[in-house]
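Architecture and fold: a report
Listed here are the chains, written in short residue letters.
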Amino acid sequence: MRRGVLRRPLAALVAAAAVLGLSVAPAAAAGPSGPAEPHLRSRYVTMPDGVRLAVDVYLPEGTRAGADLPTVLVTQRYWRARVKAGEPGGTSGEAERWTARGYAYVVADLRGTGASFGTLTSELGADVTADSGPLSDWIAAQPWSNGRIGTTGISYGGDTAMLATSLGNHHITAAAPISYDFDPYEDLVRPGGLLIEPRVAPYALLLRILDQAGGTTCETDEDTRQLCARIGLTGLQPRPVDGPDGPALLAAARAEHANNANLVEMAHSGVHRDYRDGPKSWTVGSVGERTDAVEAGGVPVLTRAGWLDAGTANGVLSQFTGLSNTQDDWIGPWNHGAGWFADPFQPARPLTGQEHQENDQRVLDFFDRYVRGDAHPDGTRRVHYYTFNEGVWRTTTRWPVPGTRTRRFDLGAGRSLTDHPPTGRSSVDGADDRRGGSDQLLLDPTAGTGPLDRWNTNLSGDEVSYPDRAAVDAKLLGYTTAPLGADTRVTGNGKVTLDVTGLAGSARGALHVYLEDVAPDGRVTYLTEGQLSLADRAVADRSDNPDWRRLRTPRSYAAEDAEDFPQGRAQRVTIDLQPVSVLFRAGERIRLTVAAANPDSFQLLPADGKAGYRIGWGGDRGSALELPVVR
């Protein structure tokens, strides 16, 4: 198992709130009445169905009844706190920073996880989301509470924080989901209908260790021992609740986790977006399926995502275009969790203290406005976004951004990419590109995106790093423009339409496309990508596309719409690119590279790794790249 696998999920276990490293003066608790509350108390809170959730409640020192405190709520998949058996464990750094700001900080183990009772019947299941309602009611009823709650969290905790806004609970007055997955099917586990198989397997093993599902522990075998040692889990357990019965209650709770849902089984069985097996489905954890309820609740949202963090930026743009809620959205040069700087034109590096502080201060200010204070959401919606190869931040209230026009680049003879119709020059095989021609693409099981790509960071928290892709591109089909005569800024969702003829092995195949920058010295820089299981190529009527998918090609990914790819007959295939903002400088070239596999992050289709295609260009059905160019 490679270095750094799955650091982020474990990091989320001990430090997955939105605040890191701020130093602020303690805020005095107001209205003292009666004895002071403990600074930290671990206890159970009972849900309406009788399931008990383990909860840590942090309060500012000296808090008494009537303190009128705003509360930060985090619901955690990866244990709310980890300790050595028989030891109480320390306090949470992010909790201490929130309490220093004058907030109560409440972090709960989700049902079926950590020290909570119950069984997790589905990841991001309906009951998990619903628990945030009564938990918020319980917080609001405490004598120190002002009745206002802000939900936050990173990654899985961000998912649950955002889903909680659909509950219509009037105590939840703001949400700050960080690096969250708006639609887990399209934005993480099966983008383009393709399973991120190499990335899911080790992550799912971690979940089974945390849950002791099927009896899996750190000591089960060499793989589990290595994984636990690598992420610092060896010898640790969830924090028991306070009191002499805490250890026994922990053991009883964890016994109920043994039959938790198996993510690997669902990832493989849930080929299509409409998959359902009892409580397990892709749609149950999708914010896209709850947009009406989220809008009705009216909770203001601040979110942060990285352009190169799986499909989280696509999710933020779906949130912005599909929800009318007050929003303050940030898309920047970050890995998953925003611990690393990730601009492909610069080396990866940890964020500086100042960069962390800037990110964290935005969340604090947002909660001060809507949770400590009672500001009324005014419907203001902004996206702040960073542009690669320029290092400039911009803010917009509209998406696509004003001044955007679609610029079409046609694939042509000689692996050219031109922004005008084919000229009629001949390709190397003598075909006139006014009549059209084609290039052969064979699946290469060695041509991937490397160990530190966008799909890895979402389940590990590793930095994002794409090396020079010139050598990889030599194995694939690359179509490149002439040097650009002027700076060209691309911001938004691009699209690739290919004329594809399937050859042997293509019936259950897939295609991957990469947008790249070619520097004058020949260095090739990855910018973004798209992929598609060819069985899911059907395009739906635009009227059937929900608002949150308005930036995406209308496509259902439903079982009834799936169809084997025909061989020997040309087909039009549309592949969406993940959104990006990048400046192509004058003298650089734009490249579109087409592949039939990405073995580093995706399942091989077909499984034997043998398939071929012809990619057509020119003529009436030529292939093209469409980019959103901003004047």
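This text goes with the structure placed above it.
Computed from a predicted model, the values in this text were never measured in an experiment. (Residues numbered from 1 in each chain as written. Predicted model: local features only at pLDDT ≥ 70, side-chain atom pairs only at ≥ 80, totals over all residues. Heavy atoms only, no water.)

**Some points on the overall build of the protein chain**
Heads up, the condition is: Counting from the N terminus, the helices are DSSP H or I runs at least four residues long and the strands are E runs at least two residues long. C-alpha atoms define the radius of gyration, and 2.2 Å times the number of residues to the power 0.38 defines the globule rule. Note on contacts: a residue pair is in contact if any heavy atoms of the two residues lie within 4.5 Å. To be clear on the numbers: accessible area is Shrake-Rupley with a 1.4 Å probe, and residue cover counts the displayed protein chains and nothing else.
Of the regular secondary structure elements, the protein chain holds 15 helices and 29 strands. A compact globule built from 631 residues would reach a C-alpha radius of gyration of about 25 Å, and the protein chain, at 25 Å, matches this within 12%. Expressed along its principal axes, the backbone C-alpha trace of the protein chain runs to roughly 90 × 50 × 45 Å. Put simply, of all contacts in the protein chain between residues at least 6 apart along the chain, 79% involve residues at least 24 apart. Accessible area for the protein chain stands at about 22,100 Å²; split by element, carbon and sulfur atoms hold 49% of it.

**Overview of the state of the cysteines**
For clarity, the cut-off: Two cysteine sulfur atoms make up a disulfide if the distance between them is within 2.5 Å. Three labels apply to residues, based on accessible area from a 1.4 Å probe with only protein chains included: buried if under 20% of the type maximum, exposed if over 50%, partly exposed otherwise in between.
Going through the model one piece at a time under the given rule, you end up with one disulfide. Shown here is the disulfide that connects cysteine 218 with cysteine 228, its sulfur atoms set 2.1 Å apart. What sets the handedness of the cysteine 218 and cysteine 228 disulfide is the S-S torsion sign, and at about -85° it is left-handed. Note that cysteine 218 is positioned in the loop between α7 (197–211) and α8 (222–231) and cysteine 228 in helix α8, a separation of ten residues in sequence. For cysteine 218, a relative accessible area of 13% translates into the label buried.

**Considering the pairing of strand β2 (residues 52–58)**
What counts here: Two strands pair if DSSP finds at least two bridges between them.
With six of seven residues buried, β2 lies mostly within the body of the structure. Taken together, strand β1 (residues 40–46) and the strand that follows it, β2, pair antiparallel across an intervening segment of five residues, in which glycine 50 is found at a positive phi of about 95°. Across four bridges, β2 lies against strand β5 (residues 104–109) in antiparallel orientation. In the sheet register, tyrosine 58 faces β5, and the bridge partner there is tyrosine 105.

**A short note on the side chain of histidine 336**
Stated formally: Polar contact criterion, stated in full: a pair of N or O atoms within 3.5 Å, where within protein one must be able to donate a hydrogen and the other to accept it, and residues adjacent in sequence count only if both atoms are side-chain atoms.
In this structure, histidine 336 sits in the loop between β12 (327–332) and β13 (340–341). At 2.7 Å, the side chain of histidine 336 forms a polar contact with the side chain of aspartate 309. Polar contacts involving the side chain of histidine 336 include one to the side chain of asparagine 458, which spans 3.3 Å.

**Describing the nonpolar core**
Applicable threshold: Among buried residues, those of type Ala, Val, Leu, Ile, Met, Phe, Trp, Tyr and Cys that are joined through side-chain atoms within 4.5 Å constitute a nonpolar core.
Counting 113 residues, the largest nonpolar core has Leu233, Leu498, Ile590, Tyr613, Ile615, Leu625 and Leu627 as the members making the most contacts within it. Each residue touching isoleucine 590, except ones within four places of it in the same chain, is listed here: Phe409, Leu417, Tyr479, Thr480, Thr481, Leu484, Leu515, Glu516, Phe584, Leu625 and Leu627. Counting 25 residues, the second-largest nonpolar core is a separate cluster that includes Val51, Ala54, Ala67 and Trp138.

**Structural notes on the sheet that holds strand β16 (residues 392–396)**
Selection criterion: Angular values range over 0 to 180 degrees, each being the angle between N-to-C directions of two axes fitted as lines to C-alpha atoms, with helices fitted over their stretch in contact.
Taken in spatial order, the ten strands make up an open sheet running β1-β2-β5-β3-β6-β7-β11-β12-β15-β16, and their pairing is mixed. For this open sheet the edge positions go to β1 and β16, each flanked by a neighbour on one side alone. With strand direction ignored, the average angle separating the axes of adjacent strands in the sheet is 20°. Sheet topology places strand β15 (residues 381–387) next to β16; five bridges connect them, and they run antiparallel. Across the sheet, residue histidine 384 finds its bridge partner in β16, namely threonine 395. Contacts from helix α13 (residues 353–372) reach β3 (69–76), β6 (145–154), β7 (172–178), β11 (301–306) and β12, with the element oriented near 165° to β7.

**A few points about the packing of α7 against α8**
Worth spelling out the cut-off: For this classification, under 35 degrees means roughly parallel, over 145 means roughly antiparallel, 65 to 115 means roughly perpendicular, and everything else is oblique. Three residue categories are used. Nonpolar comprises Ala, Val, Leu, Ile, Met, Phe, Trp, Tyr, Cys and Pro, charged comprises Asp, Glu, Lys and Arg, and polar comprises the others, including Gly.
For the pair α7 and α8, the least separation of the axes is 11 Å and the interaxial angle reads 90°. As judged from the angle between their axes, α7 and α8 are roughly perpendicular. Residues Pro202, Leu205, Leu206 and Ile209 of α7 touch α8, and the partners they reach there are Asp223, Thr224, Leu227, Cys228 and Ile231. For the contact of α7 with α8, a count of residues per class yields seven nonpolar, one polar and one charged.

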